Amino acid sequence: MTKTVILGVIGSDAHVVGITILEQALEAAGFDVVNLGVQSSQEEFVEAASANDAEAVLVSSLYGHAKQDCEGFHQLIADSDLDVTTYIGGNLAVGQDDFEETRKFFREMGFDRVFDSETDPEEAIEALRADLDMRSTESERESQTVSA
């Protein structure tokens, strides 16, 4: 069963390369990806998740203002009665020195997973598979031989 994920860059951030790479990697891994593109609002993420019956919302931010851009995001999700796994990644804070502090902040904000800008897409995909309880994609199951 294909899982749908919403992907986009939040707030005024206009960095597109990271989400393009992530979109391609997610699609190759068997996910159905709805890419909102750049400069997406919280409301656009929530509306897309609702309209597409998404299992996960992946937020990207590289310009360092994710704390401000994501304030109230999880309340908006809750108010919309969505049950989605939420990820955020990138350069999330201006002058970010200690990523563990940044990770803690965003986890407390409600994100299920928090990644830095150096995270390999495969790491995020493996985490997403685990969080959504996907043991393998259909193509991987088809390529496996079964001996009885």
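Residues numbered from 1 in each chain as written. Predicted model: local features only at pLDDT ≥ 70, side-chain atom pairs only at ≥ 80, totals over all residues. Heavy atoms only, no water.

(A) Up close: the pairing of strand 4 (residues 85-90). Judged by how many residues are buried, strand 4 sits mostly within the fold: 6 of 6 residues are covered. Side chains T85, Y87 and G89 project from strand 4 onto one buried face, and the interleaved T86, I88 and G90 project onto a second face that is buried too. Two elements, strand 3 (residues 56-61) and strand 4, share 6 bridges in a ladder whose sense is parallel. Each residue of the ladder has a partner; that of S61, found in strand 4, is G90. With 4 bridges joining them, strand 4 and strand 5 (residues 113-116) adopt parallel strand pairing. Looking across to strand 5, one finds that I88 is bridged to V114. (Buried < 20%, exposed > 50% of the residue type's maximum accessible area, 1.4 Å probe, protein only. Helix = DSSP H or I, 4+ residues; strand = E, 2+ residues; numbered from the N terminus. Pairing = 2+ DSSP bridges.)

(B) Examining the pattern of salt bridges more closely. Tallying each qualifying case throughout the model produces 4 salt bridges. A salt bridge links E108 to K104; the nearest nitrogen and oxygen atoms lie 3.3 Å apart. Here the residue E108 and the residue K104 both occupy positions in helix 5 (residues 99-109), the gap between them amounting to 4 residues, near one helical turn. Between D131 and R113 there is a salt bridge, and its shortest N-O distance comes to 2.8 Å. Here D131 is found in helix 6 (residues 121-131), whereas its partner R113 is found in strand 5, with 18 residues between them in sequence. Classification of D131 by relative accessible area gives partly exposed; the value is 31%. (Salt bridge = Lys/Arg side-chain N within 4 Å of Asp/Glu carboxyl O.)

(C) Broad picture of the packing of aromatic side chains. Counted according to the given criterion, the structure contains 5 aromatic pairs. Taking the centre distance of 6.0 Å and the plane angle of 80° together, the rings of F45 and F73 count as edge-to-face. Of the two residues, F45 is situated in helix 2 (residues 42-51) and F73 in helix 4 (residues 73-79); the sequence distance between them amounts to 28 residues. When its relative accessible area of 1% is taken as the criterion, F73 is described as buried. Counting every residue linked through ring pairs, the aromatic cluster contains F45, F73, F105, F106 and F111. The positively charged end of K67 is found above the aromatic ring belonging to F105, 4.6 Å away from the centroid. (Phe/Tyr/Trp six-rings, centres within 6.5 Å; stacked < 30°, edge-to-face > 60°. Lys NZ or Arg CZ within 6 Å of the ring centre and 35° of its normal.)

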